[in-house]
Amino acid sequence: MDARNFSALDSKLMQQLNADIPPLLSQALSASNVSAHWERRMFGQHTGDGYVAGMDPEVLPALVGCFPVALRQALARRRADAPASTPLQLRVSIHVGPLPTSGLGVPMVHTHRLLDDDSLRSVLNRANPAITNTVVVISQRVYEDVFESGCVNGDVLPEQFMRRLVKVKKFQQPAFVHIPGFDWGLADPDIFEPLDTTDTATEQLAPAPGVPPQAAPPAPGTVNLNHHGEHGIQAYNLFGRGRGQR
């Protein structure tokens, strides 16, 4: 998982947010009833602005069905308890695949590629941090394993995940974006596009005759937590960065 706008903070705030993340994860995973697996996590480590770890893949239905909402609630409690603190918004990616105990391998790389997708950062850039503090991207394999098996925990629905094609460097794969509590049926088509923050946003100049309008720049990138399976057999990564259609 990664925290939005981490690089814009001073050193003291960076250290504080870095220290806040593990307890928030512990709270959210406890609420998802996977505390025992979290205690046995593998290759857990800070990534500066986030955290990466691996857990047994049997908890995948809980990570998809319960964890996003639990993390959102943990972040909301943090804001309520310390309203003067810096708002914390997290991007999360979840992937599954075989990894050794070191965590090094293709599934780990793909997890980070999912996290690097521009759509997640674009969503959080638009969002009110007091309302939307969590955005999650899961790989197509995770989506199929959880929803096609009918094993998802909690009351999350497949329709709460928006399909999009993630393109980062040479990586190009379908994935699904989830914003806890959000109904994608209410979304504008440009939800993944960056906001226009220029001074000319309220006064658009017409292009010269015969000159086509310029296309909008691509949306900027987004936050991660990664989880991987136990015993070096299976692995999945939880938190990533990332316009899509169902």
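Residues numbered from 1 in each chain as written. Predicted model: local features only at pLDDT ≥ 70, side-chain atom pairs only at ≥ 80, totals over all residues. Heavy atoms only, no water.

Considerations on unusual backbone geometry
Stated formally: Helix and strand assignments follow DSSP, with helices taken as H or I runs no shorter than four residues and strands as E runs no shorter than two, numbered in order from the N terminus. A simple rule labels every residue: compare its accessible area, found with a 1.4 Å probe on the protein chains alone, to the largest value its type can have, and call it buried under 20%, exposed over 50%, or partly exposed in between.
Phi angles above zero are rare outside glycine, and F43 is one such case at about 35°. Position of F43 among the secondary structure elements: in strand β2 (residues 42–46). Positive phi outside glycine occurs at K169, with the angle close to 55°. By the secondary structure assignment, K169 is in the loop between β6 (161–168) and β7 (171–178). A relative accessible area of 73% means that K169 is categorised as exposed.

A few points about the pattern of salt bridges
Opposite charge on two side chains permits pairing when their charged atoms draw close. To be explicit about the condition: The rule for a salt bridge is simple: a side-chain nitrogen of Lys or Arg has to be within 4 Å of a carboxyl oxygen of Asp or Glu.
Counted according to the given criterion, the structure contains five salt bridges. In this structure, the salt-bridge partner of D20 is R78, at a minimum N-O distance of 3.2 Å. Linking D20 in helix α1 (residues 11–31) with R78 in helix α4 (residues 67–81), this pair joins segments that are 58 residues apart in sequence. Each member of the pair, D20 as well as R78, is classed as buried.

A word on the side chain of S139
We apply this condition: It only takes one pair of heavy atoms within 4.5 Å for two residues to be counted as in contact.
Tracing the sequence through the fold places S139 in strand β5 (residues 134–139). Beyond its immediate sequence surroundings of up to four residues, S139 is in contact with I94, H95, V96, L114, P174 and A175.

Here we look at the confidence of the model for the protein chain
Cut-off, in case you're wondering: On a range of 0 to 100, pLDDT expresses the predictor's confidence in each residue.
Here the protein chain averages 79 in pLDDT, and 78% of its residues register 70 or above. Averaged pLDDT values for the elements of the protein chain fall to 42 in strand β8 (residues 225–226) and rise to 96 in β5. Scored below 50 in pLDDT, residues 198–246 makes 220 contacts in the model with residues more than four places away or belonging to other chains.

Looking at the packing of α1 against α4
Selection rule: In this description, a line fitted to the C-alpha atoms serves as the axis of each element, helices being fitted only across the stretch in contact, and the angle between N-to-C directions of two axes falls anywhere from 0 to 180 degrees. Should an angle fall under 35 degrees it is called roughly parallel, over 145 degrees roughly antiparallel, and 65 to 115 degrees roughly perpendicular, with every other angle called oblique. By the definition used in this description, the sense in which the near helix is turned from the far one sets the handedness, with an anticlockwise turn below a right angle giving left-handed and a clockwise turn giving right-handed. Residues are grouped as follows: Ala, Val, Leu, Ile, Met, Phe, Trp, Tyr, Cys and Pro are nonpolar; Asp, Glu, Lys and Arg are charged; all remaining types, including Gly, are polar.
The N-to-C vectors of α1 and α4 enclose an angle of 130°; their axes lie 8 Å apart at closest approach. Viewed along their axes, α1 and α4 adopt a mutual orientation that is oblique. The hand of the α1/α4 crossing is right-handed. In contact with L17, D20, L24, L25, Q27, A28, L29 and A31 of α1, α4 contributes F67, A70, L71, A74, L75, R77 and R78. Of the residues belonging to the contact of α1 with α4, the class tally is 11 nonpolar, one polar and three charged.

Some points on the pairing of β6
This is how it is decided: Should DSSP find at least two bridges between two strands, the strands are regarded as paired.
Here eight bridges tie β6 to β7, and the two strands are oriented antiparallel to one another. Bridge pairing links R163 to F176 in β7. In this antiparallel pair of consecutive strands, β6 and β7, the connection spans two residues, and K169 shows a positive phi of 55°.

Observations concerning the sheet that holds strand β4 (residues 90–94)
With respect to topology, five strands assemble into an open sheet ordered β1-β4-β5-β7-β6, the strand pairing being mixed. Each having just a single partner strand, β1 (2–3) and β6 make up the two edges of the open sheet.

With respect to the packing of aromatic side chains
This is how it is decided: In this scheme Phe, Tyr and Trp rings, the latter by its six-membered ring, pair at centre separations within 6.5 Å, and the angle between planes marks the pair as stacked below 30 degrees, edge-to-face above 60, and tilted otherwise.
With the rule as written, the count across this model stands at six aromatic pairs. Aromatic pair Y143 and F176: ring centres 3.8 Å apart, planes at 5°, arrangement stacked. Residue Y143 is found in helix α7 (residues 140–148), and its partner F176 is found in strand β7; the two are separated by 33 residues along the sequence. In this structure Y143 comes out as buried when scored by relative accessible area, which is 17%. A connected cluster of aromatic rings, assembled from ring pairs, spans Y143, F147, F161 and F176.

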